[in-house]
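For reference, the chains in residue letters:
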Amino acid sequence: DVKVTQSSRYLVKRTGEKVFLECVQDMDHENMFWYRQDPGLGLRLIYFSYDVKMKEKGDIPEGYSVSREKKERFSLILESASTNQTSMYLCASSQYEQYFGPGTRLTVT
Amino acid sequence: DQQVKQNSPSLSVQEGRISILNCDYTNSMFDYFLWYKKYPAEGPTFLISISSIKDKNEDGRFTVFLNKSAKHLSLHIVPSQPGDSAVYFCAAGLQAGTALIFGKGTTLSVSS
């Protein structure tokens, strides 16, 4: 059974803070993804990676960066958190279909 | 411009009846299509997928139909159950395993 875990379910940060969201998968998948979900907007792709140390920008990469030093781990970094980054963040990994983690509800105040 | 569209924000169905969720796409390069189900405060759960070489795929109560010429796919749930009440997302990608474009979702409510 595929397992994707995310470091926190709920997180509250202040404007300007640097925020790290961690994602780990246990299925040896090559591909990993970060999305955010907002009401009425569906899931939007932030960044993705098809291999270790590889990263590609998705549809909304502004204000974010990522790190993939190991195959099983994909981190999303908010360099300087802003209130418009308050959202549900979802990590996924795939060989064929994508499997998602439980999500991190981030609130930036 | 939205590449994957779910034009119905919500759908209400009675228990035991068929639920039909629809999805349209614009990019003819999409080759792999999926449906996900999502409960509040949880990650999306994969339901069923279909590649462009097929026009139908079944898994238990769930069937996905693909009409490539119309750039349209649909998810049929038969029979619908109250536990099916959730948000359903349609997604499309260039091939299996790669980045996906999601629709905005349809909220399905199944009443008993």
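Reading the values: the criteria
Residues numbered from 1 in each chain as written. Chains lettered and ligands numbered in written order. Predicted model: local features only at pLDDT ≥ 70, side-chain atom pairs only at ≥ 80, totals over all residues. Heavy atoms only, no water. Helix = DSSP H or I, 4+ residues; strand = E, 2+ residues; numbered from the N terminus. Rg over C-alpha atoms; globule rule 2.2 N^0.38 Å. Buried < 20%, exposed > 50% of the residue type's maximum accessible area, 1.4 Å probe, protein only. Contact = heavy atoms within 4.5 Å. Areas by Shrake-Rupley, 256 points an atom, 1.4 Å probe, with all protein chains shown as cover. Lys, Arg positive; Asp, Glu negative; His and termini not counted. Charge placed at Lys NZ, Arg CZ, Asp CG, Glu CD. Disulfide = S-S within 2.5 Å. Patch = residues over 30% accessible without salt bridge, like charges linked within 9 Å, V, L, I, M, F, W, Y side chains within 5 Å. Salt bridge = Lys/Arg side-chain N within 4 Å of Asp/Glu carboxyl O. Phe/Tyr/Trp six-rings, centres within 6.5 Å; stacked < 30°, edge-to-face > 60°.

Asks: Residues and numbers for the overall build of chain A, please.
Replies: When its secondary structure is counted, chain A shows 0 helices and 11 strands. The C-alpha atoms of chain A give a radius of gyration of 13 Å, which matches the 13 Å a tight globule of 109 residues would have. In terms of overall dimensions, chain A has a C-alpha envelope of 35 × 25 × 25 Å along the principal axes. Counting over 109 residues, chain A shows a buried share of 49%. Long-range pairs, those at least 24 residues apart, make up 54% of the contacts in chain A with a sequence separation of at least 6. In the form shown here, chain A has an accessible surface area of approximately 5,300 Å², with 48% of it arising from carbon and sulfur atoms. Across chain A, the 15 positively charged side chains and the 15 negatively charged ones have centroids separated by 7 Å.

Asks: Can you break down the state of the cysteines residue by residue, with the values?
Replies: Across all of its chains, the model carries 2 disulfides over all chains by this definition. Linked covalently through their sulfurs, Cys23 of chain A and Cys91 of chain A form a disulfide whose S-S length is 1.8 Å. Torsion about the S-S bond of the Cys23 of chain A and Cys91 of chain A cystine: about -75 degrees, corresponding to left-handed handedness. In this pair, Cys23 of chain A sits in strand 3 (residues 19-25) while Cys91 of chain A sits in strand 9 (residues 87-94), placing the two residues 68 residues apart along the sequence. On the basis of relative accessibility, which here comes to 0%, the residue Cys23 of chain A falls in the buried class. Across a sulfur-sulfur distance of 2.0 Å, Cys23 of chain B and Cys90 of chain B are joined as a disulfide pair. Between Cys23 of chain B and Cys90 of chain B, the S-S torsion sits near -70 degrees, and that sign places the bridge as left-handed. Residue Cys23 of chain B is located in strand 3 (residues 19-25), and its partner Cys90 of chain B is located in strand 9 (residues 86-93); the two are separated by 67 residues in the primary sequence. Given the relative accessible area of 0%, Cys23 of chain B is considered buried. Overall, Cys90 of chain B belongs to the buried group, its relative accessible area being 1%.

Asks: Please give an account of a nonpolar patch on the surface that cites residues and values.
Replies: Taken together, the side chains of Ile18, Ile20 and Val78 of chain B present a nonpolar region at the surface, about 230 Å² in accessible area. Mapped onto the secondary structure, Val78 of chain B falls in the loop between strand 8 (72-77) and strand 9.

Asks: Outline the packing of aromatic side chains, listing residues and values.
Replies: Considering all chains together, one arrives at 15 aromatic pairs over all chains under this definition. On the numbers, 6.4 Å between centres and 80 degrees between planes, the contact of Phe89 of chain B with Phe102 of chain B is edge-to-face. Remark: Phe102 of chain B occurs in strand 10 (residues 100-102) and Phe89 of chain B occurs in strand 9; sequence separation between them is 13 residues. Look at Phe89 of chain B and you get buried, because its relative accessible area is 1%. Judged by its relative accessible area of 7%, Phe102 of chain B is buried. Three or more aromatic residues joined by ring pairs form one cluster here, namely Phe33, Tyr35, Phe48, Tyr50, Tyr99 and Phe100 of chain A together with Tyr36, Phe46, Phe89 and Phe102 of chain B.

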